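In case you want the letters, here they are:
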Amino acid sequence: MNTIAPASKPKPRPRPQVMRLTEAAAQRIGELTKRADSEIVGLRVGVKNGGCAGQSYTVEYAHEVRPTDEVVEDKGVKIMVDPKAVLFLLGTEMDYKADKLQAQFIFNNPNQIGACGCGESVQLKPASIED
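In this text the structure is predicted, and so the values were computed from the model without any measurement.

Asks: Quick rundown of the overall build of the protein? Include the residues and the values.
Replies: Scanning the protein for helices and strands turns up two helices and nine strands. The linear arrangement of helices and strands in the protein, starting from the amino end, is β-α-β-β-β-β-α-β-β-β-β. For the protein, the proportion of its 131 residues judged to be buried stands at 37%. Contacts spanning at least 24 positions in sequence make up 54% of the contacts within the protein whose residues lie at least 6 apart. Summed over its atoms, the accessible surface of the protein is roughly 9000 Å², and 51% of this surface lies on carbon and sulfur atoms.

Asks: Would you mind going over the sheet that holds strand S7 (residues 103-108) in detail, with residue names and values included?
Replies: The three strands lie next to each other as S1-S6-S7, forming an open sheet whose pairing is mixed. Across the chains shown, the open sheet's two edge strands, defined by having one partner strand only, are strand S1 (19-21) and S7. Between one strand axis and the next, the sheet turns by 30° as a mean value, whatever way the strands run. Sheet topology places strand S6 (residues 92-98) next to S7; six bridges connect them, and they run antiparallel. Note that in S7 the partner of Met94 across the bridge is Phe107. Across the sheet, helix H1 (residues 23-35) lies against S1, S6 and S7, angled at about 70° from S6, the strand it touches most.

Asks: Hey, could you go over H1 for me, with residue numbers and the actual values?
Replies: For H1, with 13 residues, the first-to-last C-alpha span of 19 Å sits near the 18 Å given by 1.5 Å per residue. Taken together, the buried positions of H1 are Ala25, Ala26, Arg28, Ile29, Gly30 and Leu32.

Asks: Account for the environment of Asp82, naming residues and giving values.
Replies: Looking at the secondary structure, you find Asp82 in the loop between strand S5 (77-81) and helix H2 (86-89). Distance from Asp82 to Thr68, taken between C-alpha atoms, is 7.6 Å for residues 14 residues apart in sequence. Not counting residues within four places of it along the chain, the set of residues in contact with Asp82 comprises Val45 and Gly46. Reaching out from Asp82, the side chain makes a polar contact with the backbone nitrogen of Lys84 at a distance of 2.9 Å.

Asks: Which residues make up the nonpolar core, and what are the values?
Replies: Grouped together as the largest cluster of nonpolar side chains are 26 residues, with contacts concentrated most on Met19, Ile79, Met94 and Phe105. The set of elements that each furnish at least two residues to this core consists of S1, H1, strand S2 (42-49), S5, H2, S6, S7 and strand S9 (122-124). With four residues, the single largest contributor to this core is H1. Those residues in contact with Ile79, other than ones at most four positions away along the chain, are Met19, Leu21, Ile29, Leu43, Val45, Glu70, Val71, Val72 and Met94.

Asks: Before we move on, could you go through the pairing of S2 and cite the residues and values that matter?
Replies: By the bridge criterion, eight bridges tie S2 to strand S3 (residues 55-62) in an arrangement that is antiparallel. Across the sheet, the residue bridging to Arg44 is Glu60, located in S3. Relative to S5, S2 is paired through three bridges, and the arrangement is parallel. Counted as the bridge partner of Leu43 is Ile79 from S5.

Asks: Describe the packing of aromatic side chains, naming the residues involved and giving the relevant values.
Replies: Evaluation of the coordinates by the stated rule reveals two aromatic pairs. Between Tyr57 and Phe107, the aromatic rings sit 4.2 Å apart at their centres with planes inclined by 20°, giving stacked as the arrangement. Note that Tyr57 is positioned in strand S3 and Phe107 in strand S7, a separation of 50 residues in sequence.

Criteria and cut-off values
- Residues numbered from 1 in each chain as written.
- Predicted model: local features only at pLDDT ≥ 70, side-chain atom pairs only at ≥ 80, totals over all residues.
- Heavy atoms only, no water.
- Helix = DSSP H or I, 4+ residues; strand = E, 2+ residues; numbered from the N terminus.
- Buried < 20%, exposed > 50% of the residue type's maximum accessible area, 1.4 Å probe, protein only.
- Contact = heavy atoms within 4.5 Å.
- Areas by Shrake-Rupley, 256 points an atom, 1.4 Å probe, with all protein chains shown as cover.
- Pairing = 2+ DSSP bridges.
- Axes fitted to C-alpha atoms, helices over the stretch in contact; angles between N-to-C directions.
- Expected span 1.5 Å × (residues − 1).
- Polar contact = N/O pair within 3.5 Å; in protein donor to acceptor, adjacent residues only side chain to side chain.
- Core = buried A, V, L, I, M, F, W, Y, C linked by side-chain atoms within 4.5 Å.
- Phe/Tyr/Trp six-rings, centres within 6.5 Å; stacked < 30°, edge-to-face > 60°.

Now the structure itself:
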């Protein structure tokens, strides 16, 4: 008697980490988390429509992890990525730079196809998902 073994399901591929942090960004997020007026679990990162180039990055305190958040833990800190921004931020490195005139998070994003002259807004395309 021939028996056919049931086909096993392929193992799911590990999900890529949406973003990664530089040491400077992780250190700054840690400082902000410690000195916040209320308890926060990390920073929430997203993308909103607006500005000269069409979109801009958003960074705010995250007081809780929402069920739909994409949680990134890197270098001892957490960032929560807004689910609507995941495809625009996939592969992004978040950095932090400070000089005499300004201090800000910098997004090195492979999905960025343009930016305005003032640096406040960007033009992004969704990441292409390849098998």
